[in-house]
Amino acid sequence: MSESETPKFRYTAALANEIEPRWQAYWAENGTFQAPNPAGELADPAHPRHGAPKLHVQDMFPYPSGAGLHVGHPLGYIGTDSYTRYKRMAGFNVLHPMGFDAFGLPAEQYAVQTGTHPAVTTAANVERYKNQLRRLGLAYDDRRTFATTDPDYYRWTQWIFLQVFNSWYDPAVRKARPIDSLIAAYEEGSRIAPGRPWAELSPVERRKLIDDHRLAYVSEAPVNWCPGLGTVLANEEVTPDGRSERGNYPVFQRSLKQWMMRITAFGDRLVEDLDTLDWPEPVKMMQRNWIGRSRGAHVDFPVGDETITVFTTRPDTLFGATYMVLAPEHELVDKIAPASWPADTNAKWTGGADSPAAAITAYRAEAAAKTDEQRTEGKEKTGVFTGAYATNPVNGASIPVFIADYVLAGYGTGAIMAVPGQDERDWAFAEVFELPIIRTVQAPADFEGAYTGEGVAINSDWLDGKGVVEAKAEMIAWLEQHGHGRGATTFRLRDWLFSRQRYWGEPFPIVYDETGLPVALPESMLPVVLPDVDDFSPRTFDPEDADSEPETPLSRKKDWVNVELDLGDGLKTYTRETNTMPQWAGSCWYELRYLDPHNDKALVDPDNEAYWMGPQRDGDCGGVDLYVGGVEHAVLHLLYARFWHKVLYDLGHVSSFEPFRKLFNQGYIQAYAYRDARGVIVPAEEVEELGGRYYIRNTEEVFREYGKMGKSLKNVVTPDEMCEQYGADTFRVYEMAMGPLDVSRPWETRAVVGSQRFLQRVWRLVIDEETGAVRVGDEPLEPAVRKHLHRTIAGVREDLDELRFNTAIAKLIELTNTLTPLPAVSREAVEPLVLMLSPFAPHLAEELWGKLGHSGTLAYSAFPVADPEQLKAESITYPVQVNGKVKARVEVSPTATEDEVREAALAAVDDVVAGRTPKKVIVVAGRLVSVVV
RNA sequence: GCCCCUGUAUUCCAACCGGCAGAGAAGAUGGUCUCAAACACCAUACAGUGUGGGUUCGAAUCCCACCGGGGGCACCA
């Protein structure tokens with residue numbers, strides 16, 4: 001049979017599948033990848049890395065879906081695994097943990113579909129993921145794993161919620177402080193309650209006042225209601241076209257009573273601290289955009305007895321404000337509108353209505369009927385006059401007040417002063433409604449339209465001649481001095497909507513008493529365990545039914561909702577909060593729990609936090625040393641996690657003020673998909689290529705497209721298949737070798753064989769394929785080979801430090817190819833090669849390391865270090881260019897002086913120069929010589 | 001519309017501060033092994049760097065414009 005012809009001891013998939021589980025079992029039994037803590041239960045003074053410099057590397061933990069992993073998912077995990085294996089060998093105490101983000105909509109939806117409890121399906125999915133990850137040989141400290149759904153974990157999620165609830169933001173010190181300090185300030189009179197004095201307030205009034213300052217608070221406000229999902233959503237979970245990110249259902253603005261988190265209080269710090277982070281610039285940009293900080297001024301415009309306050313970033317242009325615009329929903333609209341149109345009202349302003357009230361009603365109806373998309377798509381500005389005139393505080397000018405849907409109720413004050421000369425939108429509106437345009441910034445000659453650039457102020461009285469920056473500052477000073485306004489900063493960021501009408505999430509540690517106000521449960525009552533219910537499905541509605549009312553699954557469980565508790569003033573009846581926390585809650589702080597996963601006294605022991613995540617020098621933000629994940633979490637998870645971390649920092653629970661010091665976005669593995677002539681997706685594995693065209697069943701032509709890997713495209717390849725066909729090491733090497741970690745690339749199963757051939761060559765270097773004997777001897781290397789070895793060591797270290805795994809592997813292949821044809825196989829080269837390969841192909845390396853006569857694991861063996869002597873070249877070959885073309889090469893000693901090199905080079909190109917006198921001779925040390933004639 | 005990233009052999013990708021365009025992999029072609037094939041091994045070929053300008057002794061690399069691909073933002077006052 002043909003089997004007998006494959007050498008018995010060749011490195012094949014079958015051999016890999018024998019070696020790999022064996023080493024995985026060894027690592028697990030010996031706790032090889034356990035990292036010692038400085039304090040507590042996980043401390044271990046006998047550990048080889050006890051007291052070593054630390055390195056905390058983390059992946060964005062997965063959401064264990066029912067579908068399991070495909071080959072794209074572990075790309076980042078293999079990257080961090082290779083990096084941490086290297087760093088561990090290089091002497092670091094490496095923390096590389098893995099957990100599971102298991103609460104949330106998909107698990108719940110899957111559970112509803114299959115009729116199984118989400119706890120059951122989640123546990124099964126987590127188990128499956130763990131097995132898949134283990135099969136890849138990922139070196140996690142498995143004592144530190146958890147799922148966010150574990151009551152021991154979400155106990156602390158609830159605990160953090162209580163910290164947030166029991167805090168307020170003190171703008172004077174720009175930080176969160178315990179709520180007791182606010183109560184004390186009111187009591188002692190250092191802070192004055194608005195309206196009536198604190199002493200005269202009833203207990204309920206006092207609670208309401210305090211509740212209004214908490215960082216977690218209940219508010220009745222317009223929120224994103226998604227009937228199709230049966231829950232409200234955070235702004236971050238709604239797409240720009242007003243649909244749910246998950247499920248793509250319509251989202252409606254509804255005023256509902258919901259939990260909010262005061263993330264806006266941290267807007268400044270969330271923007272400013274981005275500068276301390278080593279993050280990809282696009283991600284920082286997305287966060288800045290999302291937070292949307294604008295500096296400018298609030299300006300008060302009197303309208304009769306009322307005052308309209310606007311926000312503007314251009315107070316310097318106030319002299320050019322020729323009209324005002326309010327959002328249609330603005331609360332002053334009805335108050336300022338007179339009963340009838342003023343005399344001489346431009347017919348274009350009235351929308352054809354008989355009275356301002358009629359015009360306003362009609363316009364509001366028109367605006368409400370438009371979707372966001374329709375509203376922004378139409379370039380033509382619409383609006384209607386309110387009939388009212390306001391007074392421009394700088395020059396007393398009487399200017400008309402309009403409503404228009406290009407002004408958004410939710411941003412700034414929902415009102416603007418319109419300066420058509422310097423704002424494109426205002427210009428467009430002014431053209432439609434024939435409003436005057438006054439330029440207040442000198443535009444370049446022949447400039448048409450709104451000028452938004454730099455220039456000196458004109459038509460602006462005392463500001464004339466000043467630049468934009470100076471004019472802004474002077475105008476703000478003037479406004480403040482005369483009581484017409486003040487400097488202000490606004491944010492696009494809204495407070496975080498924190499409650500969901502879902503079952504599968506963390507319950508709030510909150511009950512309500514007879515006043516209907518929230519009462520925090522004491523820490524001793526945590527965790528509030530998610531109760532078992534018969535019906536965990538959410539109440540969903542017709543996706544278009546905007547008027548439906550949310551209903552929480554937990555509210556159905558009456559015997560849980562109504563509870564008798566003693567919260568310090570005797571046994572009383574309370575009602576539990578029945579909303580649950582959003583999916584993001586558990587991932588907002590998990591990086592901290594890895595540090596001290598079993599601590600039941602504290603979120604994390606301060607010594608352990610300071611060691612793993614504390615600032616490393618003055619001004620350092622601290623945090624995880626390397627955090628790897630997809631760019632899709634650029635705003636959601638990464639913004640929320642930063643916010644919670646800052647609250648914990650302010651309250652003294654952590655020493656780092658940012659959770660993730662360095663962020664790296666890995667690329668995606670994409671895959672080809674194929675459609676037949678009808679446009680139906682066909683299974684990718686059945687497609688064959690022939691001369692650049694693609695066929696299925698040998699006859700039918702199909703057409704290739706490029707996209708994500710997924711069930712619906714029938715192009716999923718799983719790591720399990722890869723392990724079976726090639727082994728985990730080959731799969732790992734392939735994923736790391738196919739390109740830089742941050743580049744998206746296509747998956748190509750047939751190319752995997754290249755990585756297998758490489759590992760086979762390494763194996764063959766050590767082991768005789770026919771006999772299984774070790775072929776390695778102790779003879780020294782040829783000097784040239786030794787130099788190559790040390791160049792490789794230096795290069796591989798540098799590449800690994802920079803996460804350039806693909807080029808590191810290329811260098812290892814190169815070294816292997818140098819060693820392969822040599823008559824003798826020297827230990828001097830093979831041992832470093834095996835050690836350098838071990839981050840990528842750990843099982844194979846462990847196996848060979850054992851065969852080379854070492855006992856135990858190589859995980860703590862020193863990573864090879866290049867000998868600087870060996871990196872010095874014995875001679876340098878200089879290419880010699882004449883007029884930019886290489887004409888000759890000269891070999892000189894590395895110690896040769898510039899003059900010697902020049903002389904040698906000129907001699908070498910003597911025939912080309914042919915007697916002409918060189919105009920210029922450039923010697924670039926160590927590089928080349930350039931001769932110009 | 002604005003902003004960011006990106007364009008190198010058939011394909012995925014290298015090329016550090018501007019200095020000989022090629023490290024690695026796949027595929028192709030030819031060969032060794034084999035009765036034959038597969039595996040494995042050996043060898044060979046394949047681009048002047050999207051286009052057009054500029055700076056420079058010298059440009060894939062720096063600058064400008066345009067074209068193509070990817071991403072973000074988009075009435076945010």
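Residues numbered from 1 in each chain as written. Chains lettered and ligands numbered in written order. Predicted model: local features only at pLDDT ≥ 70, side-chain atom pairs only at ≥ 80, totals over all residues. Heavy atoms only, no water.

Caption draft 1: Structural detail: the pattern of salt bridges. Inspection of every chain in the model, using the stated rule, returns 51 salt bridges. The shortest N-O distance in the salt bridge between Glu-272 and Arg-293 comes to 2.9 Å. Remark: Arg-293 occurs in the loop between helix 9 (281-291) and strand 8 (294-303) and Glu-272 occurs in helix 8 (residues 267-272); sequence separation between them is 21 residues. Classification of Glu-272 as partly exposed rests on a relative accessible area of 28%. Arg-293 sits in the partly exposed class, given a relative accessible area of 25%. Close ionic contact of Arg-288 with Asp-275 constitutes a salt bridge, the shortest N to O distance being 3.5 Å. Residue Arg-288 is located in helix 9, and its partner Asp-275 is located in the loop between helix 8 and helix 9; the two are separated by 13 residues in the primary sequence. Arg-288 sits in the partly exposed class, given a relative accessible area of 26%. Linked through salt bridges whose partners overlap, the residues forming this network are Lys-54, Arg-617, Asp-620, Asp-625 and Arg-661. (Salt bridge = Lys/Arg side-chain N within 4 Å of Asp/Glu carboxyl O. Helix = DSSP H or I, 4+ residues; strand = E, 2+ residues; numbered from the N terminus. Buried < 20%, exposed > 50% of the residue type's maximum accessible area, 1.4 Å probe, protein only.)

Caption draft 2: Structural detail: the environment of Arg-177. Relative to the assigned elements, Arg-177 resides in strand 4 (residues 175-178). Judged by relative accessible area, which is 31%, Arg-177 ranks as partly exposed. For the pair Arg-177 and Gln-163, spaced 14 residues apart in sequence, the C-alpha separation works out to 9.7 Å. Excluding residues within four positions of it along the chain, Arg-177 makes contact with Asn-166, Ser-167, Trp-168, Asp-170 and Leu-651. (Contact = heavy atoms within 4.5 Å.)

Caption draft 3: Here's a closer look at a negative patch on the surface. A cluster of acidic residues, Asp-542, Glu-544, Asp-545 and Asp-547, forms a negative patch on the protein surface. With respect to the helices and strands, the residue Asp-542 is situated in the loop between strand 17 (518-520) and helix 15 (558-561). (Patch = residues over 30% accessible without salt bridge, like charges linked within 9 Å, V, L, I, M, F, W, Y side chains within 5 Å. Areas by Shrake-Rupley, 256 points an atom, 1.4 Å probe, with all protein chains shown as cover. Lys, Arg positive; Asp, Glu negative; His and termini not counted. Charge placed at Lys NZ, Arg CZ, Asp CG, Glu CD.)

Caption draft 4: Layout of the pairing of strand 9 (residues 306-312). Bridge analysis of strand 8 against strand 9 gives 7 bridges, and the strand direction is antiparallel. Bridging across to strand 9, Ala-297 finds its partner in Thr-312. Count of turn residues in the strand 8/strand 9 antiparallel hairpin: 2 residues, of which Gly-304 carries a positive phi of about 60°. (Pairing = 2+ DSSP bridges.)

Caption draft 5: The sheet that holds strand 9, seen in detail. Pairing within the open sheet is antiparallel, and its 3 strands lie in the order 9-8-14. Strands with a single pairing partner mark the edges of an open sheet, and in this sheet they are strand 9 and strand 14 (485-490). Across the sheet, the axes of successive neighbouring strands diverge by a mean angle of 35°, strand direction being ignored. On top of the sheet, helix 14 (residues 468-482) reaches strand 8 and strand 14; it is set at about 125° to strand 14, its chief contact. (Axes fitted to C-alpha atoms, helices over the stretch in contact; angles between N-to-C directions.)

Caption draft 6: Seen up close, the UniProt feature "binding site: ATP" (unreviewed entry) in chain A. When the UniProt feature table is mapped onto this chain numbering, "binding site: ATP" (unreviewed entry) sits at Lys-711. Residue classification places Lys-711 among the exposed residues on the basis of a relative accessible area of 72%. (UniProt positions renumbered as here; feature names shortened; annotations may be inferred.)

Caption draft 7: Structural context of the nonpolar core. With 177 residues, the main nonpolar core has Phe-161, Trp-496, Phe-498, Trp-644 and Trp-747 as its most contacted residues. Looking at which domains feed residues into this core, each of domain 1 (159-288 + 495-576) and domain 4 (716-869) gives three or more. Setting aside chain neighbours within four positions, we find Trp-644 in contact with Thr-157, Ile-160, Met-261, Trp-496, Phe-498, Ala-585, Cys-588 and Trp-589. In this structure, Ala-388, Ala-390, Ile-416 and Phe-433 belong to the second largest nonpolar core, which totals 52 residues. (Core = buried A, V, L, I, M, F, W, Y, C linked by side-chain atoms within 4.5 Å. Domains from an automatic or database assignment.)

Caption draft 8: Broad picture of unusual backbone geometry. For the bond running from Leu-526 to Pro-527, omega is -5°, close enough to zero to count as cis. Tracing the backbone shows Pro-527 in the loop between strand 17 and helix 15. Even without being a glycine, Asn-459 presents a positive backbone phi close to 50°. On the accessibility criterion, Asn-459 (47% relative accessible area) is partly exposed.

Caption draft 9: Spatial organisation of the packing of helix 20 (residues 728-737) against helix 21 (residues 752-766). Put simply, helix 20 and helix 21 touch, their axes get as near as 8 Å, and they point 115° apart. For the crossing formed where helix 20 meets helix 21, the hand is right-handed. Mapping the contact onto sequence places Asp-729, Thr-730, Val-733 and Tyr-734 in helix 20 and Val-752, Ser-755, Gln-756, Phe-758 and Leu-759 in helix 21. (Left-handed = near helix turned anticlockwise from the far one by under 90°.)

Caption draft 10: Structural view of the pairing of strand 20 (residues 626-629). Burial of the side chains of strand 20 extends over both faces: Leu-626 and Val-628 are buried on one face and Tyr-627 and Gly-629 on the other. Here strand 1 (residues 54-59) pairs with strand 20 via 3 bridges, running parallel. Each residue of the ladder has a partner; that of Gln-58, found in strand 20, is Tyr-627. One ladder, built from 3 bridges, connects strand 20 with strand 21 (residues 663-665); its direction is parallel. Looking across to strand 21, one finds that Gly-629 is bridged to Asn-665.

Caption draft 11: Representation of the side chain of Asp-426 within the structure. Looking at where Asp-426 falls in the secondary structure, it is placed in helix 13 (residues 424-433). Among buried Asp, Glu, Lys and Arg side chains, Asp-426 stands out as unpaired, with Arg-425 the closest opposite charge at 5.4 Å. At a separation of 2.9 Å, a polar atom in the side chain of Asp-426 contacts the main-chain amide nitrogen of Val-419. (Polar contact = N/O pair within 3.5 Å; in protein donor to acceptor, adjacent residues only side chain to side chain.)

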